[in-house]
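If you want the building blocks of each chain, they are given just below.
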Amino acid sequence: PVVATDCPSGPSAIIADAPRGATRAATVSPYGVLAPPNDVAEFAAALSLAVHADTRTRLAASGPVRAAHYDPIEIKNRYWSVLREEIERSDQEK
């Protein structure tokens, strides 16, 4: 499982679908475990949460699904889809 601190670079957006900075304690999220930044005790608690069998099983299933959202081919396809929609919308407005 992914264990990360809720630092400004945005792991909470990827792991928890949550705004960054919302983590106040070690938390099992949909795609990993988050801990508040600069808190060694909470990071240790997050690691402990991550090794529970139920958590590992659930995150082993959800993690690859989430990772697929960041696959370069998937991103390219979404990018081109948005561009095509905007071009079609622009053409209709003419």
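Everything discussed here concerns the structure shown above.
Residues numbered from 1 in each chain as written. Predicted model: local features only at pLDDT ≥ 70, side-chain atom pairs only at ≥ 80, totals over all residues. Heavy atoms only, no water.

Asker: Give me the lowdown on the sheet that holds strand β2 (residues 27-29), citing residues and values where you can.
Answerer: Strand order in this open sheet of three strands is β1-β3-β2, and the pairing throughout is mixed. Two strands close off the open sheet at either side, each with one partner strand: β1 (3-5) and β2. Each adjacent strand pair in this sheet contributes to an overall mean axis angle of 30 degrees, direction not counted. As defined by bridge partners, β1 adjoins strand β3 (residues 32-35) across three bridges and the pair is classed as parallel. The residue bridging A4 from the neighbouring strand is L34, located in β3. Running over the sheet, helix α2 (residues 40-50) touches β1, β2 and β3 and is turned about 165 degrees from β3. Across the sheet, helix α3 (residues 53-68) is in contact with β2 and β3; its angle to β2 comes to roughly 35 degrees. (Pairing = 2+ DSSP bridges. Helix = DSSP H or I, 4+ residues; strand = E, 2+ residues; numbered from the N terminus. Axes fitted to C-alpha atoms, helices over the stretch in contact; angles between N-to-C directions. Contact = heavy atoms within 4.5 Å.)

Asker: Lay out the packing of aromatic side chains in plain terms, naming residues and giving numbers.
Answerer: With the rule as written, the count across this model stands at one aromatic pair. Relative to W80, the ring of Y79 has its centre 5.6 Å away and its plane inclined at 85 degrees; by these criteria the two rings are edge-to-face. On the accessibility criterion, W80 (44% relative accessible area) is partly exposed. (Phe/Tyr/Trp six-rings, centres within 6.5 Å; stacked < 30°, edge-to-face > 60°. Buried < 20%, exposed > 50% of the residue type's maximum accessible area, 1.4 Å probe, protein only.)

Asker: Go over the nonpolar core with me, naming the residues and quoting the values.
Answerer: In terms of nonpolar packing, the biggest core is built from six residues, these being A26, V33, A35, A46, A50 and L59. Elements supplying a minimum of two residues to this core: β3 and α2. In contact with A35, not counting residues within four places along its chain, are A4, T5, D6, T23, A26, E42, F43 and A46. (Core = buried A, V, L, I, M, F, W, Y, C linked by side-chain atoms within 4.5 Å.)

Asker: An account of the pattern of salt bridges is requested, with residue identities and associated values reported.
Answerer: Pairing between side chains becomes possible if they bear opposite charge and their charged atoms approach one another. Following the criterion strictly, the structure yields four salt bridges and no others. Residue E93 is joined to R89 by a salt bridge in which the shortest nitrogen-to-oxygen separation is 3.6 Å. On the criterion of helical spacing, the pair formed by E93 and R89 is a turn pair, its members being four residues apart in helix α4 (residues 72-93). Counted as one network, the salt bridges with shared partners bring together E86, R89 and E93. (Salt bridge = Lys/Arg side-chain N within 4 Å of Asp/Glu carboxyl O.)

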